[in-house]
Amino acid sequence: MALRIGIVGAGSIGCYIGAALQMGGAEVCLLGRPRMADELAEHCLHISDLRGLKYSVDAQKVRFYTELSALPEQDVVIVTVKSGDTAAVAEQMAPVMGRNTTIISLQNGVANAAILRQAMPNSKVLAGMIAFNVLQMGKGCFHAGTDGAVMVEAAAEVTELGAALAVSGTPFEAQTDMRSVLWSKLLLNLNNPINALSGLPLKAELSQRAYRRCLGLLQREALAAITAAEIPLQRLTAVPASVLPFILALPDFLFTRLAQPMLAIDPMARSSMWEDLERGRKTEVEWLNGEVLSLALNHGLTAPANARLKALIHSAEEGGRRDFSGPELWALISQA
């Protein structure tokens, strides 16, 4: 019998993963906003990636729900809502989830699985994350513009999940230390607010040293806090996390030569935070830079650059600037 998978929070990540799993033979139900239901009903569901994947799900085969109570019983439920919505969604899920349903968090941030576990203590909740970027292109199209794997806490229940994703060529890894993985991913996600404030595609932004220096400064503060907390880090890029700030600060010609894999990005790719600001939504900055601040404070440290960038994002949420040049942004956060 095909694996029954529900996606709670069918936005960019949810729709992409849902289509990839359906390509792999899973029975997929999507739960999301009426706007997305209407878009997919009109345009079907299309996914693509920088390696050449192109796959479509006909509108008649897209099983989309807008009410959690209407979602049929599933073997696996994958939560992809924004971090700020996790507590509210968990409260709604608690009375309707089957006892045999495995729940997987595929979200940014480091605390979402714990929030889900607290709300659903009798359910099996697994932490997870996605290392690649997905951009919502409109008209039912979702594009993965960077490389990376789907990583989920190791458990017998995830074996079939990995097999289904393999059909689309989506890398999958079962991990034994998800706390380490999530903090390693957060370190890379510190570029999200920089990209959102640059107004540029990811590749264009990372090709400019001033923006990379901003990211390196944020990462240095985060690394100090992570080290103080004795959290081990995973190697999610071609270079170890500890030397990333040094590599990022190199002149453009050296960075381009030594860190080519970091620029293996589709020219159209942008961060999810840029997309949130573009659509007038609240961002996940509190679950990225805010987590760095909390970890630093808990260990007697400060993270002023992360605090300044967090404030700039909150200003952008209220209509503030989103077109900072690299030198402008560097001046603002380096003087924090």
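Not measured: the values here are computed from a predicted model. All residue numbers refer to position in the chain's written sequence, counted from 1. Where local features are concerned, this predicted model is filtered to residues with pLDDT of at least 70; where side-chain atom pairs are given and counted, the filter is 80 or more; whole-chain, interface and lining totals use all residues. Side-chain descriptors were evaluated using all non-hydrogen atoms of the structure, hydrogens and water having been removed beforehand.

**Q** Please provide a residue-by-residue account of the overall build of the chain, values included.
**A** The number of helices and strands found in the chain is 15 helices and 12 strands. Against the compact-globule benchmark of 20 Å for 336 residues, the chain has a radius of gyration of 19 Å, which places it among compact chains. Expressed along its principal axes, the backbone C-alpha trace of the chain runs to roughly 55 × 40 × 35 Å. Classification of residues uses two cut-offs on accessible area relative to the type maximum, computed with a 1.4 Å probe and protein chains only: under 20% is buried, over 50% is exposed, and between them is partly exposed. Counting all 336 residues of the chain, 54% fall into the buried class. Between two residues, a contact is recorded if the distance between any of their heavy atoms is within 4.5 Å. Intrachain contacts of the chain at a sequence separation of at least 6 include 69% that bridge at least 24 residues. Here the open area of atoms and residues is found with the Shrake-Rupley method and a 1.4 Å probe, where only the protein chains shown may cover a residue. Of the roughly 14200 Å² of accessible surface on the chain, 52% is carried by carbon and sulfur atoms. The distance from the centre of the 29 positive side-chain charges to the centre of the 32 negative ones in the chain is 5 Å. Working definition: helices are DSSP H or I runs of at least four residues, strands are E runs of at least two. Numbering for both runs from the N terminus. For the radius of gyration, the atoms used are the C-alpha atoms, and the globule rule reads 2.2 Å times the number of residues raised to 0.38. For the purpose of charge, His is not counted, nor are the chain termini; Lys and Arg are scored as positive and Asp and Glu as negative. In plain terms, the charge of a residue is placed at NZ if it is Lys, CZ if Arg, CG if Asp and CD if Glu.

**Q** Break down the layout of surface pockets for me, citing the residues and quoting the values.
**A** Estimates place the volume of the second largest pocket at around 170 Å³. Counting only elements with at least two residues in the lining of the second largest pocket, the list comes to α4 (112–119) and α6 (178–189). Residue classes in the lining of the second largest pocket are distributed as 8 nonpolar, 2 polar and 4 charged. The definitions used throughout rest on a 1 Å grid laid over the protein atoms alone, on which a cavity is an enclosed set of points accommodating a 1.4 Å probe that cannot get out and a pocket is an open set flanked by protein within 12 Å on both sides along at least five of seven lines; lining residues are those having an atom within 4 Å of a point. Grid points are joined across faces, edges and corners, and a volume is the space filled by probe spheres set on the points. Any residue that is not Ala, Val, Leu, Ile, Met, Phe, Trp, Tyr, Cys, Pro, Asp, Glu, Lys or Arg is counted as polar, Gly included; the first ten are nonpolar and the last four charged.

**Q** Any details on the environment of Ala155? Residues and values, ideally.
**A** Tracing the chain through its elements places Ala155 in the loop between β11 (150–153) and α5 (159–166). For the pair Ala155 and Gln175, spaced 20 residues apart in sequence, the C-alpha separation works out to 8.9 Å. For Ala155, the contacting residues outside a window of four places in its chain are Lys124 and Leu126.

**Q** Before we move on, could you go through the sheet that holds strand β2 (residues 27–31) and cite the residues and values that matter?
**A** Strand pairing is defined by DSSP finding a minimum of two bridges between the two strands. Pairing is mixed in the open sheet, where 8 strands are placed in the order β5-β2-β1-β6-β7-β8-β11-β12. The sheet terminates laterally at β5 (63–65) and β12 (172–175), the two strands that pair on one side only. Averaged over all pairs of adjacent strands, the angle between their axes in this sheet comes to 25 degrees, without regard to strand direction. Across 5 bridges, the pairing between strand β7 (residues 102–106) and strand β8 (residues 124–130) is parallel. Counted as the bridge partner of Thr102 is Lys124 from β8. Sheet contacts for α5: β1 (4–8), β6 (76–79), β7, β11 and β12; angle to β12, the most-contacted strand, approximately 160 degrees. The convention used is that axes are lines fitted to C-alpha atoms, helices contributing only their stretch in contact, and that angles between N-to-C directions extend from 0 to 180 degrees.

**Q** Give me the lowdown on the packing of helix α9 (residues 209–228) against helix α14 (residues 304–317), citing residues and values where you can.
**A** Between α9 and α14, the least distance of the axes is 8 Å, while the angle of their chain directions is 125 degrees. Looking at the two axes, α9 sits oblique to α14. The segment α9 lies against α14, with Leu217, Leu218 and Glu221 engaging Pro304, Ala305, Asn306 and Leu309. Here is the rule for angles: anything less than 35 degrees is roughly parallel, anything more than 145 is roughly antiparallel, 65 through 115 is roughly perpendicular, and the remaining ranges are oblique.

**Q** Explain the packing of aromatic side chains residue by residue, including any values.
**A** Pairing of aromatic side chains requires ring centres within 6.5 Å, counting the rings of Phe and Tyr and the six-membered ring of Trp. Pairs whose planes differ by under 30 degrees are stacked, by over 60 edge-to-face, and all others tilted. Per the counting criterion, the structure on display carries 1 aromatic pair. Aromatic side chains Tyr16 and Phe132 sit 5.7 Å apart centroid to centroid with 65 degrees between the ring planes, which places their arrangement in the edge-to-face category. Of this pair, Tyr16 sits in helix α1 (residues 12–23) while Phe132 sits in the loop between β8 and β9 (134–138), placing them 116 residues apart in sequence. Like Phe132, Tyr16 is buried. Any Lys NZ or Arg CZ that is within 6 Å of a ring centre and within 35 degrees of that ring's normal is treated as a charge sitting over the ring. A cation over a ring is seen here: Arg321 above Phe324, with NZ or CZ 4.3 Å from the ring centre.

**Q** Any chance you could break down the state of the cysteines for me, citing the residues and the numbers?
**A** Cysteine sulfur atoms are paired as a disulfide whenever they fall within 2.5 Å. Scanning the entire structure with this criterion turns up 0 disulfides. The structure places no disulfide on Cys15, whose sulfur is separated from the nearest cysteine sulfur, that of Cys141, by 11 Å. Cys141 forms no disulfide, and the closest cysteine sulfur to it belongs to Cys44, at a distance of 9.7 Å. The exposure class assigned to Cys141 is partly exposed, which follows from its relative accessible area of 29%.

**Q** Let's hear about the pattern of salt bridges: which residues, and what values?
**A** Salt bridges, as used here, are contacts in which a Lys or Arg side-chain nitrogen is within 4 Å of a carboxyl oxygen on Asp or Glu. What the rule picks out here adds up to 17 salt bridges. For Arg35, the salt bridge goes to Glu39, with nearest N and O atoms at 3.1 Å. Here the residue Arg35 and the residue Glu39 both occupy positions in helix α2 (residues 34–43), the gap between them amounting to 4 residues, near one helical turn. The class of Arg35 is partly exposed, set by a relative accessible area of 41%. Across the salt bridge formed by Lys310 and Glu286, the nearest N and O atoms sit 3.3 Å from each other. With Lys310 in helix α14 and Glu286 in the loop between α12 (272–278) and α13 (289–298), the pair connects residues that are 24 residues apart, well separated along the chain. For Glu286, a relative accessible area of 32% translates into the label partly exposed. One connected set of salt bridges, linked through shared partners, spans Lys82, Glu275, Asp276, Arg279 and Arg281.

That's the geometry; what it means functionally is another story.
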